[in-house]
Amino acid sequence: MVISEIPIVESPPSEVDPIEKKNVEVLQPFTLEILKLIKYVQQQHGLRHGDYQRYRGYCSRRISRLRKVLRLPQGDRRHFKKRDVTENHIINPRSDERFLHIPLILSERCWAYAMQLKQESNTEPRKKFHLIQKLRKACIYALQLDELCKMQRCDARTQLEAQAYVAWIHGSLQFELELWVKAAENLKKAQVIYEKLATTLSEEDQLPYKQRVEEIAPSLRYCAYNIGDEKAVNLLELRSQGVLETFDALISQTKEKTAAILHEVTWFGTKIPIKIERVRLFLLSIEGLDDSLKNAEDNQAKIKILENVFIDLRDVISLTRESARTDKQDQLLLTYLLSIRIERTSQRNLLLVEQTKKPQDSVRLLDINIQQTNELSQNESIKNNDSAQEYFTSQLAAYKALRSYYLARTHAGAKRWREAVVLLDVALKASANLKPSEYIPELSSLVALVKETTETEIANTKANFVLDSQDEHTVTVPTKLYKSKKPLIERLDEFREEPQLLSKNPNLVSLPPSMEPVPAKPLFFDLANNLVAFPDLTEKLEGQTKGKQGAGISGFVKGLWGWGKK
């Protein structure tokens, strides 16, 4: 095989504009971390407390500052001329990534306004239409951002984040419009992108992406429920997470999809007819309550689910009580609903007992359970029912055993060891006959805890009692206590142990101080001056003779008053 030689011809140098060459060299890619940026500003400006109006105001001020700094105003004070961010702004080598912030913050402002209207639409339904308009506008700005990010100036991460943001905004709009299939597609797309982005980042940067994935999950399950996938949704769990706002409408949908409609319930062998439609819907909604509690993440989530049930139960009981005044058959239904409230309240109290760290708080909660269960067992409808009485007797025995256990721990915390040992012995004997498998999971775990730890607690309590008694016997030297009426300042040279000095009114000094006699200052009166004869000192005076002298003191006096003058 012969390979022919191909002559190499040098091509003439291409004429390149020096300005374009400079642009190619200076152009740097943009990296915009969209989710991280919006999460940060949301936490700093109101959304930590759910204040969407404050966040919307921040977005307006931020857009104004960006347009001023980037020299992209929309007209002057008198005229308005719309100016959007275009491809020329991104291609320009002197521009920076803040041009991408403008459509992003515009979309965030519309979304925040929509969420504010969603809160207000609970009392003003007409605001639902305004909400939809704002979400549509947010989608328009999000699409503008996506188009700008698709340019070569933006890196791969920025493009992915823009796609996820657009999918999330569109999914939120379609969720409000009840377009469940399209909403599920967009939300799932956003969730997948955020999951993939989180796997490529360090652990410190993964947190906002994981939070967004968790936020999207309840909405996806609700979409799946409305599409028809019953296994993918848990109604009570969705409601506790705030996805469902009109729970009654959801229960109505559940009723339509349920083939068998509830007409009566059986309570300890007694059949109770249900004539009120609202009560039927409520009883249908709590059929999967125990499963929802099992699937909850922690005790706090379980308590939240139960509290949401109490809200509906309160309205149902009020409605049934009004009907029971005229219809005697509804009185038994009212008793049944009250029993549901008491049992679920006891279940909530047991969850609080597992959480609380103070045994005295546990004793108070168990006292409430004992009182309510005792009142329910004495109800006229089930007072003569053997199965009901056996069930409530077993419940009361378990509550009393738990109460003795936590009351013993309360005494032990106050170092009353004898009382603690007696109560622990009572709890041990009471729990010996209990079977944890017969109770609900919350009560069963507490009963098992009492059985496992009571003997150890008794041993520890006895040991502490012996140690304290030894400490008391070691102090055998009696100390004589004195009580003196003298203040401490008058007996500083004496050492005495006085409990009064450690009290709130110690005898330190006497106030006011006692009066003491003080010697008076002597006064001198010069009364003998007129009777004193002064010595003659004329000899010591120069130029004077004796003849010119006066007559002593008498001359002095006469000269003073003018006597003896001619």
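Residues numbered from 1 in each chain as written. Predicted model: local features only at pLDDT ≥ 70, side-chain atom pairs only at ≥ 80, totals over all residues. Heavy atoms only, no water.

**Overview of helix α18 (residues 417-432)**
Working step 1: Compared with the 22 Å implied by 1.5 Å per residue over 16 residues, the 22 Å span of α18 between its first and last C-alpha is a close match.
Working step 2: Buried residues of α18: W417, A420, L423, L424, A427 and S431, and no others. Down the axis, α18 shows its buried residues gathered within 125° of arc, on one side only. Away from the buried face of α18 by more than 90 degrees, exposed residues R418, V422, K429 and A432 are located. (Helix = DSSP H or I, 4+ residues; strand = E, 2+ residues; numbered from the N terminus. Expected span 1.5 Å × (residues − 1). Buried < 20%, exposed > 50% of the residue type's maximum accessible area, 1.4 Å probe, protein only. Arc of directions from axis to C-beta.)

**Considering the confidence of the model for the chain**
Working step 1: The share of residues in the chain with pLDDT of 70 or more is 82%, and the mean pLDDT across the chain is 79.
Working step 2: Across residues 241-261 the pLDDT falls below 50, and counting only partners more than four positions away or on other chains, this stretch makes 38 contacts in the model. (pLDDT = per-residue confidence, 0-100. Contact = heavy atoms within 4.5 Å.)

**Side note on the side chain of K39**
Working step 1: With respect to the helices, strands and loops of the structure, K39 is situated in helix α2 (residues 34-44).
Working step 2: A polar contact of 2.9 Å, which involves the side chain of K39, links it to the side chain of E215.
Working step 3: The contact partners of K39, leaving out residues within four places of it in the chain, are P208, R212 and E215. (Polar contact = N/O pair within 3.5 Å; in protein donor to acceptor, adjacent residues only side chain to side chain.)

**Overview of the packing of helix α5 (residues 98-120) against helix α7 (residues 156-176)**
Working step 1: One can describe the packing of α5 onto α7 by two numbers: an axis separation of 12 Å at closest approach and a directional angle of 25°. Between α5 and α7, the angle is such that the two are roughly parallel. Remark: the crossing between α5 and α7 carries left-handed chirality. Every residue of α7 that contacts α5 at L104, S107, E108, W111 and K118 is listed here: Y165, W168, I169 and E176.
Working step 2: A breakdown of the residues in the contact of α5 with α7 according to their chemical character gives 5 nonpolar, 1 polar and 3 charged. (Axes fitted to C-alpha atoms, helices over the stretch in contact; angles between N-to-C directions. Parallel < 35°, antiparallel > 145°, perpendicular 65-115°, else oblique. Left-handed = near helix turned anticlockwise from the far one by under 90°. Nonpolar A, V, L, I, M, F, W, Y, C, P; charged D, E, K, R; others polar.)

**With respect to the nonpolar core**
Working step 1: Counting residues in hydrophobic clusters, the biggest one holds 67 residues, and the most contacted among them are Y55, I90, L100, W111, Y165, W168 and Y194.
Working step 2: Looking at this core, the elements that each hand over two or more residues are α2, α3 (52-69), α5, α6 (127-149), α7, α8 (180-200) and α9 (207-227).
Working step 3: With 12 residues, the single largest contributor to this core is α5.
Working step 4: Ignoring anything within four residues of it in the chain, the contact list for L100 reads F30, L32, I90, L145, L148, C149 and C154.
Working step 5: In this structure, L283, I286, A324 and L337 belong to the second largest nonpolar core, which totals 32 residues. (Core = buried A, V, L, I, M, F, W, Y, C linked by side-chain atoms within 4.5 Å.)

**A few points about the pairing of strand β1 (residues 264-267)**
Working step 1: Side chains of β1 alternate between two faces, with V265 and W267 buried and E264 and T266 left unburied.
Working step 2: As judged from the 4 bridges shared by β1 and strand β2 (residues 270-273), these two strands associate in the antiparallel manner. Directly across from E264, in β2, lies its bridge partner P273.
Working step 3: In this structure, the hairpin formed by β1 and β2 is closed by a connection of 2 residues, where F268 is found at a positive phi of approximately 55°. (Pairing = 2+ DSSP bridges.)

**Remarks on the packing of aromatic side chains**
Working step 1: As enumerated under the stated definition, the model contains 15 aromatic pairs in all.
Working step 2: When the centroid spacing of 6.4 Å and the interplanar angle of 20° are considered together, the rings of Y55 and Y58 count as stacked. Of this pair, Y55 and Y58 both sit in helix α3, 3 residues apart, which is roughly one turn of the helix. Here the two residues Y55 and Y58 agree in accessibility, since each one is buried.
Working step 3: Pairing W180 with Y222 gives two aromatic rings, centres 5.4 Å apart and planes at 70°, and the pair type is edge-to-face. Taken together, the residues W180 in helix α8 and Y222 in helix α9 connect sequence positions 42 residues apart.
Working step 4: One aromatic cluster in this structure is built from W267, F268, Y336, Y391 and F392.
Working step 5: Over the face of the ring belonging to Y113 we find R56, whose NZ or CZ atom lies 4.0 Å from the ring centre. (Phe/Tyr/Trp six-rings, centres within 6.5 Å; stacked < 30°, edge-to-face > 60°. Lys NZ or Arg CZ within 6 Å of the ring centre and 35° of its normal.)

**A short note on the packing of α3 against α5**
Working step 1: In contact at an axis separation of 8 Å, α3 and α5 are set at 160° when each is read in the N-to-C sense. As far as their axial angle goes, α5 and α3 are roughly antiparallel. In terms of crossing hand, the pair formed by α3 and α5 is left-handed.
Working step 2: For the contact of α3 with α5, a count of residues per class yields 13 nonpolar, 5 polar and 6 charged.

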